Every structure is written in structure tokens, then in C-alpha cells.
Amino acid sequence: MVKHNNIRPNIHLHKDYQRWIKCHFNQPAQKRRRARLRRLKAATKAPRPFEKLRPVVSCPTQKYNMRIRAGRGFSLLELKDAKLTPQYARTIGIAVDARRRNRSQEGLARNVRRLKRYASNLVLFPLVPIGKEKNDREKMIQFL
């Protein structure tokens, strides 16, 4: 707080302001770079899905409750109805949220259908190829 009868401080220190600001002139280039890196990541994971499978959930509050969005993970009840264990679901690219509760039968049925459709389209390769332990080249070639 200013005390006594002094002049009002109005010093305009704008001499070296470039040091304190950041202009994002590289924003379009960064956008293209992020998109390119996303495509590269998807290409390296090739047959696998790029992202984890997430449930369809309704937004909270009256303003947004007509909207649906991707949730954090499937509830344990949804996984149980789809005949999957949480540990196995995590290994095949399904997001699991143990804290989530199902508040409606429609939402539960919708996500169980989603899980069953994903599991039916899933192609799993064995971790250890047939003939690997015997060093049998013919079986390895048939496997690939």
C-alpha cells in the first residue's frame, strides 16, 4: 500500500516484453506433426487397435444428459455379463474401470453388446508360436 503524499506509480516497463510472451505461430505445423505421429503410431501397432475399447456413457447434469460420450472403462458388471474377466479384458485392449456403476439397464445392455461385438471380431495370435520350442522351421513357416 502506498503511504504519504507521493506520485502515483505508473512506470511502463515494456522494454523487454518479448522475453515474457510466447507466440504460437507454429500451431498449424504442430497440429500436422501430432496427426503424423498418430498415424505412425497406428501403423506400427498395425493389426492391433490404435486405442483401447471404451464404453458409451451418458454425460451428467440436466444440461448434457442427452449426450453420450466415451467413458473411462467398462464396469465389472458389464464384463461379467459379456463373460470376460477384468484381468483378461485388460490384456486384449479393453479399458476397465472398477469404480463405475451401471445406473440403467439400457446402458448396461448397450455396453455388453459392444463388448460381445468386439470379442467376436477379435483375432488372437498365440504368444508362443507352434514349433518354437523345438526349432522346427517347417512348423514356424506354416504358422507365419
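Just so you know, these numbers come straight off a predicted model, no measurement behind them.

J.: Please clarify how the overall build of the chain should be interpreted in this entry.
T.: Of the regular secondary structure elements, the chain holds six helices and two strands. Mapped from its N terminus to its C terminus, the chain presents α and β elements in the order α-β-α-β-α-α-α-α. Partitioning the contacts of the chain with sequence separation of at least 6, the portion at a separation of at least 24 is 46%. About 13,100 Å² of surface is accessible on the chain, with carbon and sulfur atoms providing 55% of the total.

J.: What is the right way to read the pattern of salt bridges from this model?
T.: Opposite charge on two side chains makes pairing possible when the charged atoms of those side chains draw close. Under the criterion given, the structure shown has three salt bridges. The salt bridge involving Arg19 is made with Asp16; its shortest N-O contact spans 2.8 Å. Since its relative accessible area comes to 56%, Arg19 is described here as exposed. In this structure Asp16 comes out as partly exposed when scored by relative accessible area, which is 41%. Here Arg100 ties to Glu78 by a salt bridge, and the two come within 3.0 Å at their closest N and O atoms. Highlighted residues: Arg100 in the loop between helix H4 (86-91) and helix H5 (105-121) and Glu78 in helix H3 (residues 76-81), separated in sequence by 22 residues. Judged by its relative accessible area of 0%, Glu78 is buried.

J.: When you look at a positive patch on the surface in this model, what are you seeing that I'm missing?
T.: A grouping of Lys41, Lys45, Arg48, Lys52, Arg54, Arg72 and Arg90 is seen on the molecular surface, where their side chains present a positively charged patch. With respect to the element layout, Lys45 can be found in the loop between helix H1 (27-44) and strand S1 (56-58).

J.: Teacher, can you tell me more about the environment of Asp81 here?
T.: Checked against the element boundaries, Asp81 lands in helix H3. Take Asp81: its relative accessible area is 32%, and that puts it in the partly exposed class. In this structure Asp81 touches Leu108, Val112 and Lys116, once residues within four positions along its chain are discounted.

Cut-offs applied
- Residues numbered from 1 in each chain as written.
- Predicted model: local features only at pLDDT ≥ 70, side-chain atom pairs only at ≥ 80, totals over all residues.
- Heavy atoms only, no water.
- Helix = DSSP H or I, 4+ residues; strand = E, 2+ residues; numbered from the N terminus.
- Contact = heavy atoms within 4.5 Å.
- Areas by Shrake-Rupley, 256 points an atom, 1.4 Å probe, with all protein chains shown as cover.
- Salt bridge = Lys/Arg side-chain N within 4 Å of Asp/Glu carboxyl O.
- Buried < 20%, exposed > 50% of the residue type's maximum accessible area, 1.4 Å probe, protein only.
- Patch = residues over 30% accessible without salt bridge, like charges linked within 9 Å, V, L, I, M, F, W, Y side chains within 5 Å.
- Lys, Arg positive; Asp, Glu negative; His and termini not counted.
- Charge placed at Lys NZ, Arg CZ, Asp CG, Glu CD.

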